[in-house]
Amino acid sequence: MKDEVKGQLESLFAQDKQKTNMADQEKVEQVAQAEKNDAEFLRIRDVVIVPAMREMADFIAAQGWGSDISIEEGQTDSRGHKSPAKIALTFFRGSIPAYYSGHEYPYVWAVHSRGSAGVWFPTSTISPGRGGSSSSGTGAHLADVTVEMVQRHIVAVLSRVLKGLP
């Protein structure tokens, strides 16, 4: 093999190795950022979202309404499909039914897709025998989530439910 050809090949392989190393480094940084985002969501869930929901649940209980706060951790099934972490505040006129499916009653969820830098707030005004509507909600960057934001979503749902709007 001529030195010129050998030099070209060495240069091509060096460039390829550099690209591969950069891609590997980017992947490591993305995984680290995703883990940081997940940890930040857990912190915000515990410090902001759950306390905001508990405060609202206590207030509506004094008005004769029931509610349920449920927390689902994000999981990965056996096929590698990831389910998002979710906190749900579900509302009931009167007391909490013995058996219920959360999607059959009005709710506000806070949903975090694993690794993302945001949280979504899906809502529903659907009630048994009444109908209603649901929305995939609005999103917010994790750093922007506040108690007031969470409670505004809750008030918006309760307002529609109490006014009989879909």
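That block above? That's the structure.
Described in the following lines is the structure provided in the data block. (Residues numbered from 1 in each chain as written. Predicted model: local features only at pLDDT ≥ 70, side-chain atom pairs only at ≥ 80, totals over all residues. Heavy atoms only, no water.)

Here's the deal with the side chain of Asn37
- Within the secondary structure layout, Asn37 lies in helix α1 (residues 3-61).
- Overall, Asn37 belongs to the buried group, its relative accessible area being 10%.
- Residues contacting Asn37, with those up to four places away along its chain left out, are His112, Gly115, Ser116, Ala117 and Leu142. (Helix = DSSP H or I, 4+ residues; strand = E, 2+ residues; numbered from the N terminus. Buried < 20%, exposed > 50% of the residue type's maximum accessible area, 1.4 Å probe, protein only. Contact = heavy atoms within 4.5 Å.)

With respect to the nonpolar core
- If you look at the biggest cluster of nonpolar residues, it comprises 28 residues, and the most contacted ones within it are Ile49, Phe91, Phe121, Val145, Val150 and Ile154.
- Looking at which element gives the most residues to this core, the answer is α1, with ten residues.
- If we ignore the near neighbours within four places in the chain, the residues touching Ile49 are Phe41, Ile44, Ile87, Ala110, Val145 and Val150. (Core = buried A, V, L, I, M, F, W, Y, C linked by side-chain atoms within 4.5 Å.)

With respect to the pairing of strand β5 (residues 107-112)
- Counted residue by residue, β5 has six buried out of six residues, so it is predominantly covered.
- Residues of β5 alternate between two faces, with Tyr107, Trp109 and Val111 on one and Val108, Ala110 and His112 on the opposite face, all of them buried.
- Pairing between strand β4 (residues 85-93) and β5: six bridges, direction antiparallel. Each residue of the ladder has a partner; that of Ile87, found in β5, is Ala110.
- Direction of pairing for β5 relative to strand β6 (residues 118-124): antiparallel, over a ladder of three bridges. Bridge assignment links Tyr107 to a residue of β6, and that residue is Ser124.
- The antiparallel hairpin formed by β5 and β6 contains five residues in its connecting segment, where Gly115 sits at a positive phi of about 90 degrees. (Pairing = 2+ DSSP bridges.)

Thoughts on the sheet that holds β5
- Spatial ordering of the open sheet is given by β1-β4-β5-β6-β7, a layout of five strands whose pairing is antiparallel. Single-partner strands in this sheet number two, and they are β1 (65-72) and β7 (134-141). Looking at each pair of strands side by side, their axes are set apart by 15 degrees on average, direction ignored. (Axes fitted to C-alpha atoms, helices over the stretch in contact; angles between N-to-C directions.)

Observations regarding the layout of surface pockets
- By volume, the largest pocket is sized at about 150 Å³.
- Lining the largest pocket are Trp65, Phe91, Phe92, Arg93, Tyr105, Pro106, Ser127, Pro128, Arg130 and Val161. (1 Å grid on protein atoms, 1.4 Å probe; cavity = no way out; pocket = protein on both sides within 12 Å on 5 of 7 lines; lining within 4 Å. Points joined across faces, edges and corners; volume = space filled by probe spheres on them.)

Brief notes about the pattern of salt bridges
- Taken as a whole and assessed by the stated rule, the structure comprises four salt bridges.
- The salt bridge partner of Arg43 is Glu40, with a shortest N-O separation of 2.8 Å. Of this pair, Arg43 and Glu40 both sit in helix α1, three residues apart, which is roughly one turn of that helix.
- Taking the relative accessible area as the measure of exposure, Arg43 reaches 42% and is therefore partly exposed. (Salt bridge = Lys/Arg side-chain N within 4 Å of Asp/Glu carboxyl O.)

Overview of the packing of α1 against helix α2 (residues 147-162)
- In the contact formed by α1 and α2, the axes pass within 8 Å of each other and the chain directions differ by 40 degrees. Regarding the angle of α1 to α2, the classification is oblique. When you trace α1 past α2, the crossing you get is right-handed. Taking contact as the criterion, the partners of Val48, Ile49, Ala52, Met53, Glu55, Met56 and Ile60 in α1 are, on α2, Val147, Val150, Gln151, Ile154, Val155 and Leu158. (Parallel < 35°, antiparallel > 145°, perpendicular 65-115°, else oblique. Left-handed = near helix turned anticlockwise from the far one by under 90°.)

Some points on a nonpolar patch on the surface
- Together, Met1, Val5, Leu9, Leu12 and Phe13 give the surface a local cluster of nonpolar side chains, amounting to about 550 Å² of exposed area.
- Its location among the elements puts Met1 in the segment before α1.
- Judged by relative accessible area, which is 75%, Met1 ranks as exposed. (Patch = residues over 30% accessible without salt bridge, like charges linked within 9 Å, V, L, I, M, F, W, Y side chains within 5 Å. Areas by Shrake-Rupley, 256 points an atom, 1.4 Å probe, with all protein chains shown as cover.)

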